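# Per-entry structural report
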Amino acid sequence: MANSYNVAILPGDGTGPEVTAEAVKVLDAISAKHGFTLNKTDYDFGGERYMKTGEICPDSFVDELRKQDAILLGAIGHPEVKPGILEKGLLLKLRFELDQYINLRPVKLYPGVETPLKDKGPSEIDYVVIRENTGGIYTGTGGVSMYGTANETVVQSMVYSRFQVERCLRYAFDYAEKYGKKSSGKGDANTLGLVGKTNVLTYVFDLWERAFHEVGAAEYKDVARDYYHVDATCMWMVKSPEWFDVLVTSNMFGDIITDLGAITQGGMGIAAGGNINPEGVSMFEPIGGSAPKYTGKNVINPLAAICAGAMMLQTLGEDAAAKEIEDAVKDITANKIDGLAAGKMGYSTSEVGDMVAKAVS
Ligand code: IPM
Ligand code: MN
């Protein structure tokens, strides 16, 4: 029997609905060709609905999502809603409550895409960042006292348990074993690099580093291990990105270095990521924001959302379909569009979606 998957579509705010529509167009085209079915349920949660109703999402929403096989998200963020409300009330809520403890962010320069890195091309900029996604400062305890006075005092802690660290490391070792550069014919060894700050955050990254070497030595003898401080990592991501294969890091460091990574791969028009619960429901998103100033203009680049759709298919086990989408995107960046920036593609949002859909039909 043909495979069939239940997928929640959450277009969200700003240009989110436009790019999500193109991703869905491509997914429909490829599923028809590969003979699997996507049963889609649309949800309109986001800034607009919050402004109208005062509610971000009902408690039943997360339970409904638990029954899905995957979630495709457009963008969250509305210029008239105070920063933090939608992020915490929707995006982070879903990551935490669905226990999507991995944030998988490939940093891959596609052919024909301009990078700000001098003398670097697709063979140099090709690695993956695995960001721990449900712990650290993002979910650590904190508080404020004497708010608004000269004595205001705040604390926001970076909290990690051995359990959280180990499960993230195991995912990263598995990923490096399966998809590392040697396996794909590009390097001497599959290497997992731990990105930390053992010279200052001596409790948190001591735990990460010990767990890294213990788990690696005991269970992943064929994966080489490297350690980099996070500040030096930023330097090498610019100077020598070709050194990297698979990187694993904490939530906050991963958030920061993946924006740097995204700009080296051509920016937010192309960067996609997955919020992954390897034992549950995962959520895929273009990592750029809602870009409100381009809303409704049919100029935003849908390729990141399309690539998020491809990552979703890969996680569902439809590897061949995912690769076909990626190949079509590469052909478009190499041979068709003028650039990745909104309004600079030489085509509209829907025309770019049509091109990918046609290529995979
Ligand atoms: C990201 C974003 C989010 C994060 C924000 C919007 C809460 O920057 O997905 O990287 O910090 O994780
Ligand atoms: Mn971020």
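Scroll up for the structure.
Described in the following lines is the structure provided in the data block. Just so it is clear, the model here is predicted, and its values are computed rather than measured. (Residues numbered from 1 in each chain as written. Chains lettered and ligands numbered in written order. Predicted model: local features only at pLDDT ≥ 70, side-chain atom pairs only at ≥ 80, totals over all residues. Heavy atoms only, no water.)

Before going further, it helps to spend a moment on the state of the cysteines. Inspection of the entire model under this criterion finds 0 disulfides. With no disulfide of its own, Cys 168 lies closest to Cys 234 among cysteine sulfurs, the gap being 18 Å. (Disulfide = S-S within 2.5 Å.)

Turning to the site of ligand 1, a few remarks are in order. Around ligand 1 sit Glu 87, Leu 91, Arg 95, Arg 105, Arg 131, Tyr 138 and Asp 255, and that is every residue in its neighbourhood. Note that an oxygen atom of ligand 1 is positioned 2.8 Å from one of the side-chain N or O atoms of Arg 131. Between an oxygen atom of ligand 1 and a side-chain N or O atom of Asp 255, the distance comes to 2.8 Å. In the complex, the protein chains occlude 74% of the 320 Å² of accessible area that ligand 1 would expose alone. Spatially, ligand 1 is embedded in the second largest pocket. In terms of residues, the shell around ligand 1 owes the most to one element, helix H4 (residues 85–97), which gives 3 residues. Residue composition of the shell around ligand 1, by class: 2 nonpolar, no polar and 5 charged. (Near = heavy atom within 4 Å. Polar contact = N/O pair within 3.5 Å; in protein donor to acceptor, adjacent residues only side chain to side chain. Areas by Shrake-Rupley, 256 points an atom, 1.4 Å probe, with all protein chains shown as cover. 1 Å grid on protein atoms, 1.4 Å probe; cavity = no way out; pocket = protein on both sides within 12 Å on 5 of 7 lines; lining within 4 Å. Sits in = over half its atoms within 2 Å of the grid points. Helix = DSSP H or I, 4+ residues; strand = E, 2+ residues; numbered from the N terminus. Nonpolar A, V, L, I, M, F, W, Y, C, P; charged D, E, K, R; others polar.)

Those residues of helix H11 (residues 349–359) that sit buried are Thr 349, Val 352, Gly 353, Met 355, Val 356 and Ala 357. For H11, the elements touching its buried residues are helix H1 (16–34), helix H9 (303–316) and helix H10 (319–335). (Buried < 20%, exposed > 50% of the residue type's maximum accessible area, 1.4 Å probe, protein only. Contact = heavy atoms within 4.5 Å.)

With that settled, consider helix H8 (residues 251–264). For H8, with 14 residues, the first-to-last C-alpha span of 20 Å sits near the 20 Å given by 1.5 Å per residue. For H8, the full list of buried residues reads Asn 251, Phe 253, Gly 254, Ile 257, Thr 258, Gly 261, Ala 262 and Thr 264. Those residues of H8 that are buried are in contact with strand S4 (102–108), strand S5 (126–132), strand S8 (190–196), helix H6 (204–219), helix H7 (230–239) and strand S10 (246–249). A positive backbone phi angle near 110° is found at Gly 266, which sits one or two residues after H8. (Expected span 1.5 Å × (residues − 1).)

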